[in-house]
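Examination of the molecular architecture
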Amino acid sequence: MAVLNQNMYERELTRDELMALRNRRTAVTVFQISWIMVFVCLIVVNLQIRSNSPSWPPPGVQGLEPILPTVATLGLLMSALLARNGLKAIGVGRQSAFASNWRAALVLGGAFVAIMAYEWTTVQFSGQFSSIFRVMVAYHAVHAVVIGYVMWRVYRTAQAGGYTVQRHWPVEGAAKLWYFVVVAWVMFYVVLYIL
Amino acid sequence: MATVTAPLPGARVENEGQRIRFADLLRWSVDHKVIGLQYFVTSLFFFVVGGGLVMLVRWELLTPALDLTGSGTTYNQLFSIHGTVMIFLFIIPLWGAFGNYLLPLMLGAKDMAFPWLNAFAFWLIPPAGVLMILGWFVGQTEAGWTSYPPLSTLFSGDGQTLWAISLHLLGLSSILGAINFIVTIRNMRPAGMGYFQMPLLAWAILAQAIIIVMATPFLAGALTLLILDRVAGTSFFDPANGGDVLLWQNVFWFYSHPAVYIMVLPGFGVISEVLSIHSRKPIFGYRAIALSSLAIALVGFTVWAHHMFTSLQPELRIPFMITSMIIAVPTGIKVFSWLGTIWAGKIRFTSAMLFALGFLSMFVIGGISGVMLAAVPFDIHVHDTYFVVSHLHFVLYGGSVFAAYAAIYHWFPKMTGRMLDERLGKIHFWITYPAFFFTFFPMHLLGMLGMPRRVAVYAPEYQALNVLVSISSFILGVSTFIALYNMVRSLKVGRVAGPNPWRALTLEWTTSSPPPPHNFDGDPVPFKNPYGFGTEAAHLYLEAIESHSGPSAPPPAVTTALPEPAPSGD
């Protein structure tokens, strides 16, 4: 229903506004498909490095403890859901629902970054095993922090009444970028903690 | 009596077009035409830089001994920066020039989808070029454009780190530009122009952009690891510490083989346009050409390991040999379609057409040597020899640069409002064509005889062929300046071009030359078949363009050295 309402409101946009919205949506999709390849590259690097080792972790190296990262990952997944709820809420004019959902998403995202920063600093130094772990986690964290900052700015703008039912592209764009952060991390989580 | 819609409804175009001065190119602008020219001038500048470097390389190779450069290190630096500059700062940005300038015009749009992003993508290139050159002050890279570790991790100077940062910037520029191209093509086509009514250059740019957005991030990942190995103490590429030198080769070639298609696919689009227009024939196999571009983009991701046949696990060689041979099929489809296009056409041997025909002959040689290299036994025999250098240059010079020259002669009138001098253009072609051939064809022989690439000192029995190659390369280098002189001269004294001097049917020719700031007055209506020459409808469409925009080309003041007029009946 929310989607139907959103489409209805988009009909009120001018031709140029509609074209701009369409362009932005396509661009974000293409960017997501493109930039995920950097994360795929790091996964390939991880797999090739571990293929050179008789075991993984290498003999004598302590493995990663998965409990805290799993909790952080569940929190990150929840944050994506909350961001989506926030986007739907602002699309139907429910500003307070947007604010509560978006705020919770930000808190969970911040908690995720904090937990992974702790994991990053406490991992045992062990050559390739810790190097590739740290590169992957840090690379993802840079994206989480930058896009998290974008979400924070969107939140502040929304609090100041900067978005309307018809015009709230920054909210949609930030949410989609946050989905990217979540998908990229889930791929990393599988490689780092499950395989 | 066929009916035809006027290309531009509403008032006749009265403006004189947008004259862009050189000073405009030094300023931030979000106009796609200014940005296109910024790309154009920048890439030509780096063409001269890269060409100058390789002249020194060829001077060194006149004799078997080390004489001009004085050290192997200097020689290594010269060919490393030559390759990097030519690929990343010349060819790729040059296609960015034509893409940026022409795509919105071909689609009847007022600009690219994201003008600001477009400008930002361009302005990443000059600092990247400066970083690359600055390497000479801190110990230039000497690991070749491929920068294999351990050469790039243990032996090169700090210039190698600048090289990696520079490529990061250039990769980001490419990705942002490609996103812009994809969005513009998907969303900003005019009413009546489906995907299969697009000009084939737009198809080629689309295929190129898809490769860029999918492959270039891999290069970003590889460069990040290289920088970390050099400055942060990691050892991803150091086998002594559990790293793997083949790791670089895998991730680098996963980008860099598709990058060959990034460098040549827009050239394919140019050739489709030029051959059809200058032979007044409908394109043969439009859909086959369009879809084969996408096929090349797709299959291009499955062939990277043929660069590693000598180091690859034996069981993986055959699969990669097969995919590397398969990719010749869509390219072959294009070549036969182009031959079908010019067959029995009313061919006008303009400079653009000559370079397009030159492309056809030289690129086919590069394609065939590519299939030879795809065969594992042959590749192992000539691995890292001059045969590979020859193949590479037949594809990238005989392919990309010849196509770029064709594009320059074809679209310079649209970009500047002035015709290039055809007499100089033909002189340029007839010097370039044999000079190119005798520069690069003998390298096949040198490679098969066993001369390794990237060496300053070689066995005396190779000298005769090397002298031939070097002298030819000097002539080739000089021929470049004929084109540059022609461009500079024509800007001042070239014959004024009308809106449509080639009597073409694509939308960029329905507006003035150069186009006005917003390209079109009103929404242009595309002709249903952009290559539908020889029909009454096409003739009426061209008449409609003339009634709106003035004569296709003003009558010549001087009758010498002008392109032949378009034949009637188109």
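The structure we're discussing is the one just above.
1. Looking at the overall build of chain A
Looking only at helices and strands, chain A features six helices and zero strands. The helix and strand sequence of chain A, counted from the amino end, reads α-α-α-α-α-α. For chain A, the spread of C-alpha atoms along the three principal axes comes to 65 × 30 × 25 Å. Across the 195 residues of chain A, 49% fall into the buried class. Within chain A, contacts between residues at least 6 apart in sequence are counted, and of these 80% link residues at least 24 apart. Counting only carbon and sulfur atoms, one obtains 66% of the accessible surface of chain A, whose full area is about 9300 Å². In chain A, 15 side chains carry a positive charge and 7 a negative one; their mean positions are 1 Å apart.

2. With respect to the nonpolar core
Grouped together as the largest cluster of nonpolar side chains are 237 residues, with contacts concentrated most on Trp102 and Trp185 of chain A. By residue number, the principal contributor to this core is helix α2 (residues 72-106) of chain B, which donates 21 residues. Residues Ala305, Phe309, Leu312 and Val376 of chain B belong to the second largest nonpolar core, which totals six residues.

3. Section: the interface of chain B and chain A
In this assembly, 32 residues from chain B lie in contact with 27 residues from chain A. Surface buried jointly by chain B and chain A totals about 2400 Å² across both partners, of which 70% is contributed by carbon and sulfur atoms. Per-residue buried area on chain B facing chain A is highest for Asn187, Phe218 and Phe236 of chain B; these three make up 21% of the total on that side. One can count one salt bridge joining chain B with chain A.

4. A closer look at a nonpolar patch on the surface
Residue and element names in this part refer to chain A. A cluster of nonpolar side chains, contributed by Leu47, Leu74, Leu77, Val186, Val190, Ile194 and Leu195, occupies part of the molecular surface with about 600 Å² of accessible area. Residue assignment for the nonpolar patch shows that the elements contributing at least two residues are α3 (67-91) and α6 (169-194). Counting residues per element, the nonpolar patch draws most heavily on α6, which supplies three residues. Along the chain, the position of Val190 falls in helix α6. On the accessibility criterion, Val190 (33% relative accessible area) is partly exposed.

About the criteria used
- Residues numbered from 1 in each chain as written.
- Chains lettered and ligands numbered in written order.
- Predicted model: local features only at pLDDT ≥ 70, side-chain atom pairs only at ≥ 80, totals over all residues.
- Heavy atoms only, no water.
- Helix = DSSP H or I, 4+ residues; strand = E, 2+ residues; numbered from the N terminus.
- Buried < 20%, exposed > 50% of the residue type's maximum accessible area, 1.4 Å probe, protein only.
- Contact = heavy atoms within 4.5 Å.
- Areas by Shrake-Rupley, 256 points an atom, 1.4 Å probe, with all protein chains shown as cover.
- Lys, Arg positive; Asp, Glu negative; His and termini not counted.
- Charge placed at Lys NZ, Arg CZ, Asp CG, Glu CD.
- Core = buried A, V, L, I, M, F, W, Y, C linked by side-chain atoms within 4.5 Å.
- Buried area = accessible area lost by both parts, 1.4 Å probe.
- Salt bridge = Lys/Arg side-chain N within 4 Å of Asp/Glu carboxyl O.
- Patch = residues over 30% accessible without salt bridge, like charges linked within 9 Å, V, L, I, M, F, W, Y side chains within 5 Å.

Keep in mind these numbers describe shape, not what the thing actually does.
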